Every structure is written in C-alpha cells, then in structure tokens.
Amino acid sequence: MAEPNGHDARVALTAGDPNGVGPEIALKALAALPPEQRNSVTLFGPVEVLQKTAHLLHLQDVLSSITLVSAGEIPSEFHVPGKVDPVAGRSAIDSATAAIEACRRGEFDGVVAGPHHETAIAQAGIAFSGYPSLVASVCGLTSDNVFLMLVGGGMRIVHVTLHESVEIALGRMRTELVIAATQAGVMACQRLGVSAPRVALFGINPHASEGTLFGPHDAHCTVPAAHALNQSGLSVSGPMGADVLLANHATNPHDLYVAMFHDQGHIPIKLLAPQGASAFSIGADVLLASTGHGSAMDIAGTGQAKPDALLRSLHMLLGLAPLLPSQASVS
C-alpha cells in the first residue's frame, strides 16, 4: 500500500542481534523487495557482519544496492553466530537507537528492527524489556506511554501490560492506562490504513468479572475505560472475556483488540501466525515494527532463517499513511 502521494514511506531497518538471524533475514527481506521499494529502505548495522552475511547468502549485490549506515559495530572476535554475548546485545540496542534517533530527526517515516536477544542485552547491563521500552527511553517517555501491538493471523492486539508478573501488572492496571493503550492502538491502525477501527476490550478477570463476582477490577478499570473511549467517539465493545471475543472473531471481527496482559494477546497471535507476526511499538512519535519471533540462535549463521515476519513488517511500514494528530483523545 503506497502513501497517498504515490511513493513508499522511508524506512530504517536494523540488523538486530548480530549473532542471531537478524542480519540474515534483513538481507533476505531486502532481496525480496522490488528495487523501487528497496530504495526506500536504509539498513543500520555492523558493516563487517553484514558483509560476511551477504557473502554467505550470495547477496552481495543486494548489500551493494542499498544505503548502509554503520551502527552497532562489533569487534570481529565477538561475532559468533549462535552465541549469546553482551557485546552483541549492546550492538542490537545501538543500531536500533541510531535508527530511532534518525526517525525522530525526520529522516525516516518508521523503523523496522531486527530481532534481539533479551538475555544478551541484560548481560550488557542495559535496562530493557522489549523494543517498546527502548522507544520510550529514546523518545523521552515513560514506559506507560509506549505499548506493544502484535499484528498477524488477521488480528491486531495491543497490550496494556507486557513483560511483568501478573501481580505487578494488576497493580499497575488503571483506567488511564487502558485508555492510553487503546488510543495508541487506534492511531497505529489509522496509520496502517484502518481509518475508523472497531475496538474490543478484553476483561481483566474471567468473564470480565461478571459484574464484581470475580473481583472489582473490571468495574473499577475496564468498564469506565470503555465508557470514556466511546464518549470520545471511538467504537469500543466490551469489556468481555478474551475467550468469547476471540472465539467470535471469525463471525464478528474487530479491527483492534486490547489485551490486559502479555499472554492474553500473545497466545492467539502466536497460534495463528507463529513465524509471521509483526510486533509494533506504538504511542511515541516513532512507529517501530519488529518480528513476532526472537533471534533464533539455534539456526543463526546457517542460512536457514525465513524472512517472512520481517518482510511483512517492511511491507506494512512502506505503506504507512502520513503521521497525523490522533483523531481520538480522551481527557
């Protein structure tokens, strides 16, 4: 999908963890793009690693045909495909940070980040809980302002909470957080071409608490959030039990689902699109997409990795609508 002005959006693509499959799937995805779209993508990553990977895959012509920005450089002795290494973890963060900063300067319309390895990043001593936290940090926001939206299997699901225990997530759950996640999801849908998305909220407790039978949480949080969002002009159903909404997706689909917890949103997407999902960090002034899978250390450096999820993310961001102020705001 091209922009209304007839050309593709400008996208910054990062190599991810250099010891994982990120460099491989980045080059394979670029090879799969037609030349006119490939010209809209700039690749950020360690140059020597990308050169070695291109040689392995016989894609030197692809690498030479694109704009390459040196970022996340790594000494050659630390480039060991399949090895979890803090130097490689820092490389993934550095290349993604460089791309996000370039996007904030107006050089790009969005970022597609290669898969990272959270253990490698943690070993590097970097506070990190997924790309949403990095986007928030680089953009000067708190983690409550940037959310994860998974897209795959014909569904879009935004997560109110993410990588934390259910106990901590429940303690943070409040009406304002549900509203903010939903608004971020709606704006992302609009940029991805869905102008007036139909939204459904999952409940916090089973059956969305059946009033207060299973606890007061939905009555205090998701019910007032749904009311406020509908008052703002959005089309929001629920809260309802996640099982009911997902079971009815085939006959009564919604454009966006709002999951309260990590597993509520990840399980359906990974069942429907285990290797083909895209992960969006939404809510900041930079829209970042990645893959719904990890860095696949077990096959890194073998040439076996499939670029499907990364290519899907590239296609979606190459067709971004122009960034506009949100049409839905709740005070």
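Scope of this entry: the structure provided in the associated data block. (Residues numbered from 1 in each chain as written. Predicted model: local features only at pLDDT ≥ 70, side-chain atom pairs only at ≥ 80, totals over all residues. Heavy atoms only, no water.)

Moving on: the overall build of the chain. Within the chain one finds 14 helices and 11 strands. On C-alpha atoms alone, the chain measures out to a radius of gyration of 20 Å, which is about the 20 Å that the 2.2 N^0.38 rule sets for 331 residues. Overall size of the chain, expressed as C-alpha extent along the three principal axes, is 60 × 45 × 35 Å. Pairs at least 24 apart in sequence give 77% of the contacts found in the chain among residues at least 6 apart. For the chain, the separation between the mean place of its 16 positive charges and that of its 27 negative charges on side chains is 3 Å. (Helix = DSSP H or I, 4+ residues; strand = E, 2+ residues; numbered from the N terminus. Rg over C-alpha atoms; globule rule 2.2 N^0.38 Å. Contact = heavy atoms within 4.5 Å. Lys, Arg positive; Asp, Glu negative; His and termini not counted. Charge placed at Lys NZ, Arg CZ, Asp CG, Glu CD.)

The packing of two helices is summarised by the inter-axis angle and the distance between the axes. Two elements in contact, helix H9 (residues 175-191) and helix H11 (residues 222-231), have axes separated by 8 Å at closest approach and are oriented at 45°. In terms of orientation, H9 lies oblique with respect to H11. Between H9 and H11 the crossing geometry is right-handed. Residues Thr175, Val178, Ile179, Thr182 and Gln183 of H9 touch H11, and the partners they reach there are Pro224, Ala225, Ala228 and Leu229. Partitioned by chemical class, the residues of the contact of H9 with H11 number 6 nonpolar, 3 polar and no charged. (Axes fitted to C-alpha atoms, helices over the stretch in contact; angles between N-to-C directions. Parallel < 35°, antiparallel > 145°, perpendicular 65-115°, else oblique. Left-handed = near helix turned anticlockwise from the far one by under 90°. Nonpolar A, V, L, I, M, F, W, Y, C, P; charged D, E, K, R; others polar.)

This paragraph deals with unusual backbone geometry. Along the chain, Gly238 connects to Pro239 via a cis peptide bond; the corresponding omega equals 10°. Within the element layout of this structure, Pro239 appears in strand E8 (residues 235-240). Even without being a glycine, His58 presents a positive backbone phi close to 60°. With respect to the element layout, His58 can be found in the loop between helix H3 (47-57) and helix H4 (60-64). With phi around 50°, Ala296 is a residue other than glycine that occupies positive phi space. Topologically, Ala296 is positioned in the loop between strand E11 (288-291) and helix H14 (308-318). The class for Ala296 is partly exposed, based on a relative accessible area of 28%. (Buried < 20%, exposed > 50% of the residue type's maximum accessible area, 1.4 Å probe, protein only.)

Once that is clear, we can look at the nonpolar core. With 65 residues, the main nonpolar core has Leu13, Leu43, Met149, Phe280 and Ile282 as its most contacted residues. With 8 residues, H9 is the largest single contributor of residues to this core. Setting aside its immediate chain neighbours within four residues, Phe280 contacts Phe147, Leu148, Met149, Val151, Leu192, Leu287, Leu288, Ala289, Met316 and Leu317. Counting 25 residues, the second largest nonpolar core, distinct from the first, contains Ile93, Cys103, Cys139 and Leu288. (Core = buried A, V, L, I, M, F, W, Y, C linked by side-chain atoms within 4.5 Å.)

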